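Summary of the model geometry
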Amino acid sequence: MWRTGYSTAIFLLCLALISLAINATDVSYDGRAMTIDGKRKILFSGSIHYPRSTPEMWPSLINKAKQGGIDVIETFVFWNAHEPQTRQYDFSDNLDLVRFIKTIHNEGLYAMLRIGPYISGEWNYGGLPVWLHNIPHMQLRTNNSAFMHEMKTFTTKIVGMMKREKLFATQGGPIIVAQIENEYGHVMGAYGENGKEYVKWCARLADSLKIGVPWVMTQQSDAPETMINTCNGYYCDQFQPNNNNKPKIWTENWTGWYKNWGMQNPHRTAEDVAFSVARFFQHGGTFQNYYMYHGGTNFGRTAGGPYITTSYDFDAPIDEYGNLNQPKWGHLKQLHEVLKSNEKILTQGSTRNIDFGNKVTGTEYSFAGKSFCFLSNTHQSKDVTVNFQNNQYTIPAWSVSILPDCNTEAYNTAKVNVQTAMMVMKDNDADDDEEPYVLNWKWKQEPIKHMKNDIVQGVSLTSAQLLDQKLVTNDTTDYLWYIASLYYSGDAPFDRVRLRVHTSGHVLHVFVNGKHVGTQHARNGEFKFLYESRIKLIKGGNEIALLSTIVGLPSNGAFYENVEVGIHGPVELVPENNDSHEVGRNITDYIWDYKIGLHGEHNSYENSVTGWLSEGLPTHSALVWYKTMFKPPIGNDPVVVDLIGLGKGHAWVNGKSIGRYWPKYHADEDGCFAKCDYRGSYNSNKCLSKCGKPSQRWYHVPRSFLREDDQNTLVLLEEIGGHPYDVKFSTVTVGKICANAYEGNTLELACHDNQVISEIRFASFGLPEGECGYFQRGYCESPNALSVLKSQCLGKDKCSIQVSEKVLGPTGCRVPQSRRFAVDALCEVRVDDEVKKVKKH
C-alpha cells in the first residue's frame, strides 16, 4: 500500500515537472535584443502602476494597452504602501500585486517588475517607508548596513511572493525582466566610494535571488556585468549600453510630464513621442517602455514631490480615468504595428547608415534578402527632400519616415492619421428631463476654539526643541500641531507684536488663543518660507498653536531623507516698536507640545454618521469638515467630482480617499500658447495649457468606490477655507472627434460605447486648412466627401473610411501625396433609444 502511494506521488511530481517545463519561458539577451524562447524580440512596454488605479480597472487598462500594441506591462513595487509600519504588510485591494501580475498574464502579456525598492516616481518619499529614517544609524541608498538589511528583507519578500505564485517566466509566468534600484547614477557621486560599493551590493543581491530572468539598472552607466544598464528620458536614441553584449533598452520614455500644484497642464504631442520611438529603433533599440502608458491617480497621501497633484495623468496614451487619449494612443499603435511586422530584420539584420546632410540621415536594415529603412529629419523647422534608392522623399521637419521595403513610406511620425478625441465633463443632471441635482451639506468644525481642551488633550509628546515633522508623525498624517505656552505680564503694547515662523511646512496655519490668525504656503516649489503676521496676546497665559501641513515628502535627490520637513525655526515674537523689549522673545527653545493629526482623523470623520450639523453651514473658514450624500451618475463612463469653490484639503468617497485637493491654487498666468508645435526637443515647459486656471479642479472617483443607490457619501476636510456649494459630480466622455488623415490610410472614427456619431460639422477631402476645431476648406476638394461620411458614420458608435479618391470622390488636386481628409463631428449619448447631446461645462 505504501509503495503504491509512493509511486503515485512520484508520478504526479513528474507530471508537475513536465508541465512546468512545457510552460516555462526562456528569457535571455544579446547585443541585438532580448530573446524569448530563442527568438529576438521587438518589445513595446507600458507603465501602469497598480496603486494608481483599482483592481476593477486593471483588466480594461491592460486590454487597452494590448490593443494598442503593447507587449509588456511595467510597474514599480511600492515599498511604503506595502509596509507602512515595520513588518506590517498590506497587499490588499489596489495593493494586490499578485492579482495585478496575474491580470497581466490573463491578457497574454509579459510583465516588467521594477522592484527597486526605491522608485522616485513622484511617489511619497520615493517609495521608501519613512520609518526607515527613524532607525538608528540609518542612511538611505548607500553602503549602510541598516538600510541594506531592510532593503534585502523587502526585496527578498517580493521575489518570494512572485516565486510562490510561479509568476516568473521560467516558472511559466509573465515576468520577463526585473529591476533593482532606480536612477541611482544621478546621485551616486554624492556618496563617494560608498555609492559605488552600494551598486555592487545591489547587483550581488539581485543575482543571489536567482529569478531566472534578466535584471536591469536604470541610468547606471557603471552597472555590473550581470546587470543591463538602461536609459530614461525624452530621447534615448543616442544611448548605448556599457557592454556590446547587452541590448539597448529604454525603461522610461516620458509620454508627458507630472504636474505640481500651481503648474499649468503639460502636454507632449503624439508626433514628438512617435519621433522619439522611431529614432530609438532606427539606432538599434529593441525594448522600449512608455512612462506612463496609464498614469492614474495619486489616491490618499501617496503623491510625493512635494507639491505633486493628485492627478498623475502624465498625458499618457490612456488617460487618468481609463479613456483612450487620442490621437496619442492610435498614432503609437500604428507605429508599433509597422515596427513589429519587421521584427526579424530589425533584430538580426545588417545595418547601413546614410548621411544625406542637412540633418537628414537614413538607416537600412537587411536580412535574408529583405530590407527595412528609416529616413530621419532632425531639423526643427525645415522639411527636406532627399533622393534615396532612385526615389524622392520629402521628410517633414522633426520626423521619421519608415519604409518597410525601403521603397514605400508606410508611416511618418509627423503625419497623424487617427482621430483626436476631445473629452468633456457631463453633469450628473445633464439630461434634459431632469431637475438640477442639488447636494445637501452637513458639517463639523475641527475643534480649535479651546486649545487646552481641544488641541493639547491627546498630546503625543513634549520636547524642549522643534522636531522634524516626519520624525514625530512617522508619515501617518499630513498634520502636526506645534503648541507653546507663554506668559505675558501685561506691561507692553502687545497690539503691535509680530509673530515670525521659519518653516519647511509646506503649509502653515497659525492660531493664537484658539483664534485663527493666518495661513501661508510655500510657492514655486520651494520647501521653506517665512510666515509673519501681527498678533495680539492677552495678559496672563497664552497659547500659540502652529499647525504644520505637508503636501508630500521629497522623493528624489542625494540624502533626500535629510531634507527638513515641518517647523525648524526660529520662532520669534518681534516688537514693531523697537523700544518695547518685553516682547522680543525667541521661543524656539520653549517647551513644545506635539499632537499628531487632526481630531477628525483620529475619530474617522470620513466614516462617521453622527454629530453632523445641518444649520449654519460655515464657509471660508479653516479646518471645517463637510459631508453630503449623492447618487452616482448613470452609465459606465468614468466619474469625477468638481471641487471648484473649495480651498485645500482632503476628500473621501464612501470612506475611501480620493486624494488631496487644492483648487484654490491656480497656475501661473503666463507660459501657455494657443498652438503646440511638435517640432524641436520637448521639455516640461513646452506645450502648456490652462494658464491662470486651478492646477486641478476635477478628481477621479473610481466606479468601484460607489454604491448603486443614492446613499453614497462625500466627506471633505476643508483646510484653508472655501465653500462646497459648487461641488458636483460628472462623467468624463467624448464630446467631439476630429481628424486630418492623409490619403492612403484608413481613418477610424469612434465615440464611447454608449454614444453615436450624431452630427458631422465639417468634412473636406482635398487640401483643407487649419486644425481640429478650426478647419477651413482648401482651394480644391471632393464634392462627395461630406455625403459619403454621413452615409457611413451617422448614427453609429464607430466607423471606418478609406481615405482615397475612389471612396471620397475626385478632388482635382494635383498633389496626391498631400491630399487629406479633415473631419469634425459630435458624439452624443444614446439613452432609451433617444440621442441626447453631451453637455459641456
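Scoring rules and cut-offs
Residues numbered from 1 in each chain as written. Predicted model: local features only at pLDDT ≥ 70, side-chain atom pairs only at ≥ 80, totals over all residues. Heavy atoms only, no water. UniProt positions renumbered as here; feature names shortened; annotations may be inferred. Helix = DSSP H or I, 4+ residues; strand = E, 2+ residues; numbered from the N terminus. Buried < 20%, exposed > 50% of the residue type's maximum accessible area, 1.4 Å probe, protein only. Contact = heavy atoms within 4.5 Å. Areas by Shrake-Rupley, 256 points an atom, 1.4 Å probe, with all protein chains shown as cover. Lys, Arg positive; Asp, Glu negative; His and termini not counted. Charge placed at Lys NZ, Arg CZ, Asp CG, Glu CD. Pairing = 2+ DSSP bridges. Core = buried A, V, L, I, M, F, W, Y, C linked by side-chain atoms within 4.5 Å. Phe/Tyr/Trp six-rings, centres within 6.5 Å; stacked < 30°, edge-to-face > 60°. Expected span 1.5 Å × (residues − 1). Right-handed = clockwise from strand over helix to strand, strands pointing away. Axes fitted to C-alpha atoms, helices over the stretch in contact; angles between N-to-C directions. Parallel < 35°, antiparallel > 145°, perpendicular 65-115°, else oblique. Left-handed = near helix turned anticlockwise from the far one by under 90°. Disulfide = S-S within 2.5 Å.

Looking at an unreviewed UniProt entry, the chain carries the name Beta-galactosidase, with the source organism given as Crotalaria pallida. Its UniProt record gives the chain a comment under Subcellular location (unreviewed entry), which states: "Secreted, Extracellular space, Apoplast".

Helix and strand counts for the chain stand at 14 helices and 42 strands. Per-residue burial for the chain yields a buried fraction of 59% across its 841 residues. Here the analysis covers contacts within the chain between residues at least 6 apart in sequence; of these, 74% occur between residues at least 24 apart. Total accessible area on the chain is roughly 33,900 Å²; 47% of this is exposed by carbon and sulfur atoms. Side chains of the chain carry 84 positive and 90 negative charges; the gap between the two charge centres is 3 Å.

Along the chain, Gly-116 connects to Pro-117 via a cis peptide bond; the corresponding omega equals 0°. In this structure, Pro-570 follows Gly-569 across a cis peptide bond, with omega equal to 5°. If you trace the backbone, Pro-570 turns up in strand S28 (residues 566–575). With phi around 55°, Gln-389 is a residue other than glycine that occupies positive phi space. One can find Gln-389 in the loop between strand S15 (384–388) and strand S16 (391–395).

On to the pairing of strand S9 (residues 227–233), then. Within S9, seven of the seven residues are buried, which leaves it mostly tucked inside the rest of the structure. Side chains Met-227, Asn-229, Cys-231 and Gly-233 project from S9 onto one buried face, and the interleaved Ile-228, Thr-230 and Asn-232 project onto a second face that is buried too. As judged from the four bridges shared by strand S8 (residues 215–218) and S9, these two strands associate in the parallel manner. Note that in S9 the partner of Trp-215 across the bridge is Met-227. As judged from the three bridges shared by S9 and strand S10 (residues 249–254), these two strands associate in the parallel manner. Bridge assignment links Cys-231 to a residue of S10, and that residue is Trp-250.

Glancing now at the nonpolar core. In this structure, Ile-101, Met-162 and Ile-402 are the most contacted members of the largest nonpolar core, which totals 130 residues. With nine residues, the top contributor of residues to this core is helix H5 (residues 145–164). In this view, Ile-101 contacts Ala-111, Leu-113, Met-162, Leu-167, Pro-174 and Ile-175; residues no more than four positions away in its chain are not counted.

Under the local residue numbering, the UniProt record ascribes the feature "domain: SUEL-type lectin" (unreviewed entry) to residues 741–813. Its end C-alpha atoms 16 Å apart, residues 741–813 is made of 18% helix and 33% strand.

Moving on: the packing of aromatic side chains. Both the distance between ring centres and the angle between the ring planes are used here to describe each pair of aromatic rings. Evaluated as defined, the whole model comprises 45 aromatic pairs. Here the aromatic rings of Phe-356 and Phe-388 are separated by 6.1 Å at their centres, their planes lie at 85°, and the arrangement is edge-to-face. Linking Phe-356 in strand S12 (residues 350–357) with Phe-388 in strand S15, this pair joins segments that are 32 residues apart in sequence. On the accessibility criterion, Phe-356 (25% relative accessible area) is partly exposed. Exposure remark for Phe-388: the relative accessible area of 5% places this residue in the buried category.

For the rest of this paragraph, the subject is the sheet that holds strand S29 (residues 585–586). Reading across from one edge, S26-S23-S28-S29 is the order of the four strands in this open sheet, with antiparallel pairing throughout. Unpaired on one side and paired on the other, strand S26 (529–535) and S29 mark the two borders of the sheet. Summarising the sheet, S28 and S29 pair through two bridges and their orientation is antiparallel. Within S29, the residue paired with Glu-572 across the bridge is Asn-586.

Each full turn of the α-helix corresponds to 3.6 residues, which orients residues three or four apart in the same direction. With 13 residues, helix H8 (residues 328–340) extends 18 Å from end C-alpha to end C-alpha; this agrees with the ideal 18 Å at 1.5 Å per step. Along H8, the residues classified as buried are Lys-328, Trp-329, Gly-330, His-331, Leu-332, Leu-335, His-336, Val-338 and Leu-339.

Going residue by residue along S8, you find Trp-215 and Met-217 tucked away on one face and Val-216 and Thr-218 tucked away on the opposite face as well. Where strand S7 (residues 175–180) and S8 come together, two bridges link them in parallel fashion. By the bridge assignment for S8, Gln-179 is matched with Val-216. Remark: the S7/helix H6 (residues 192–208)/S8 crossover connection has right-handed handedness.

This next bit is on the packing of helix H4 (residues 97–106) against H5. Between H4 and H5, the shortest axis-to-axis distance is 11 Å and the interhelical angle comes to 45°. Classed by the angle they form, the pair H4 and H5 counts as oblique. The handedness of the crossing between H4 and H5 is right-handed. The residues of H5 that touch H4, namely those facing Leu-97, Val-98 and Ile-101, are Ile-158, Met-161 and Met-162.

Moving on to the state of the cysteines. Following the criterion strictly, the structure yields eight disulfides and no others. Bridging Cys-676 to Cys-687, the disulfide has an S-S length of 1.8 Å. Here the S-S torsion is close to 70°, and the disulfide linking Cys-676 with Cys-687 is therefore right-handed. With Cys-676 in the loop between strand S34 (656–661) and strand S35 (698–701) and Cys-687 in the loop between S34 and S35, this pair connects stretches of sequence that are eleven residues apart. According to the relative accessible area criterion, Cys-676 is partly exposed, its value standing at 27%. Judged by relative accessible area, Cys-687 falls into the buried class, the value being 12%. Here Cys-751 is linked by a disulfide to Cys-827, with a sulfur-sulfur distance of 1.9 Å. Looking along the S-S bond of the Cys-751-Cys-827 disulfide, the torsion reads about -80°, which is the left-handed sense. Remark: Cys-827 occurs in strand S41 (residues 820–831) and Cys-751 occurs in the loop between strand S38 (746–750) and strand S39 (755–766); sequence separation between them is 76 residues. Take Cys-751 and Cys-827: they sit in the same class, and that class is buried. With no disulfide partner, Cys-202 has as its closest neighbouring cysteine sulfur the one in Cys-231, 20 Å distant.

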